[in-house]
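Remarks on the overall topology
Spelled out, the chains give:
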Amino acid sequence: MSDLTLTPVAIIHTPYKEKFSVPRQPNLVQDGVGVVELLPPYNVPEAVRGLEQFSHIWLIFQFDKVPVGKWQPTVRPPRLGGNQRVGVFASRATHRPNPLGLSKVELKKIECRHGQVRLHLGAVDLVDGTPIFDIKPYIAYADSEPDAQSGFAQEKPKTDLTVIFSEAAQRAVQKQEKNRPHFQRFIMEVLQQDPRPAYQQGQYNARIYGVNLYEFNVRFQFVDETTICVIDIETV
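Summary of the structure given here. (Residues numbered from 1 in each chain as written. Predicted model: local features only at pLDDT ≥ 70, side-chain atom pairs only at ≥ 80, totals over all residues. Heavy atoms only, no water.)

1. Points about the packing of helix α2 (residues 167–176) against helix α3 (residues 183–192)
Two numbers describe how α2 lies on α3: the axes approach to 9 Å, and their chain directions differ by 125 degrees. By the angle between their directions, the pair α2 and α3 is classed as oblique. Residues Gln170, Val173 and Gln176 of α2 touch α3, and the partners they reach there are Phe183, Gln184 and Ile187. Classifying every residue of the contact of α2 with α3 by side-chain character gives three nonpolar, three polar and no charged. (Axes fitted to C-alpha atoms, helices over the stretch in contact; angles between N-to-C directions. Helix = DSSP H or I, 4+ residues; strand = E, 2+ residues; numbered from the N terminus. Parallel < 35°, antiparallel > 145°, perpendicular 65-115°, else oblique. Contact = heavy atoms within 4.5 Å. Nonpolar A, V, L, I, M, F, W, Y, C, P; charged D, E, K, R; others polar.)

Now the structure itself:
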């Protein structure tokens, strides 16, 4: 069996600057949109001819923030509280024999100008700068299975957390609303997913956390088991 060398065809631009802030699936944070930028020599309009006819696409990407070679045959999915183990191939864990991921995303617009080809997407679940190895159209009759069984992830995760903003954080949000529409809603939906490690979810501690979104560090703290307070929003 011969070795396969993969070369990125694109990179993706997203508001998520680190793994900690990324939703665990697409479509969980409506304002967390992305833009795929094709790289040379693939950044030509001919390469995406006809793609505008599709509403969704598949992205095959690299978990490039994961240390190479660190994988185990079993993993602890967040949806199982981080305590139960399943086989790595029965999960979407980032630590895999080959660090490849697959994500279905909405295609909103294709932009071809000034020698650049960009795909404007809906909500995504990738870190900013993630290498994209391939792009494929989503084909509804073949890819959609309405009656499919999805094991421990049959339903969308619940978002039972309430997010409140301190006066300082509220002022910071208001300053950015012109440049970042729906910025407050975006922060709320990211934090409602509870980015903490799975074993900490559902628990209360007074630790102050931070997530890097766009060019900001959003500092937050749990005030009880179901309420998060955004303490401040600092420019990184």
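2. Quick notes on the sheet that holds strand β9 (residues 162–165)
Adjacent strands of a sheet pair through backbone hydrogen bonds, lying either parallel or antiparallel. Spatial strand order, β9-β12-β11-β10: four strands in an open sheet with mixed pairing. Sheet topology places β9 and β10 (208–213) at the edges, where each strand pairs with a single neighbour. On average, adjacent strands in this sheet sit at an angle of 35 degrees to one another, irrespective of strand direction. Summarising the sheet, β9 and strand β12 (residues 227–235) pair through four bridges and their orientation is parallel. Each bridged residue has a counterpart across the sheet, and for Phe165 the counterpart in β12 is Val230. Lying over the sheet, α2 contacts β9, β11 (216–224) and β12, oriented at roughly 55 degrees with respect to β12. Docked against the sheet, α3 engages β9, β10, β11 and β12, running at close to 135 degrees with respect to β9. (Pairing = 2+ DSSP bridges.)

3. Digging into the sheet that holds strand β1 (residues 10–13)
Taken in spatial order, the six strands of this closed barrel run β1-β2-β7-β6-β3-β8, and their pairing is antiparallel. Looking at each pair of strands side by side, their axes are set apart by 45 degrees on average, direction ignored. Pairing geometry for strand β3 (residues 56–62) and strand β8 (residues 131–137), over five bridges, is antiparallel. In the strand pairing of β8, Leu59 is matched with Ile135.

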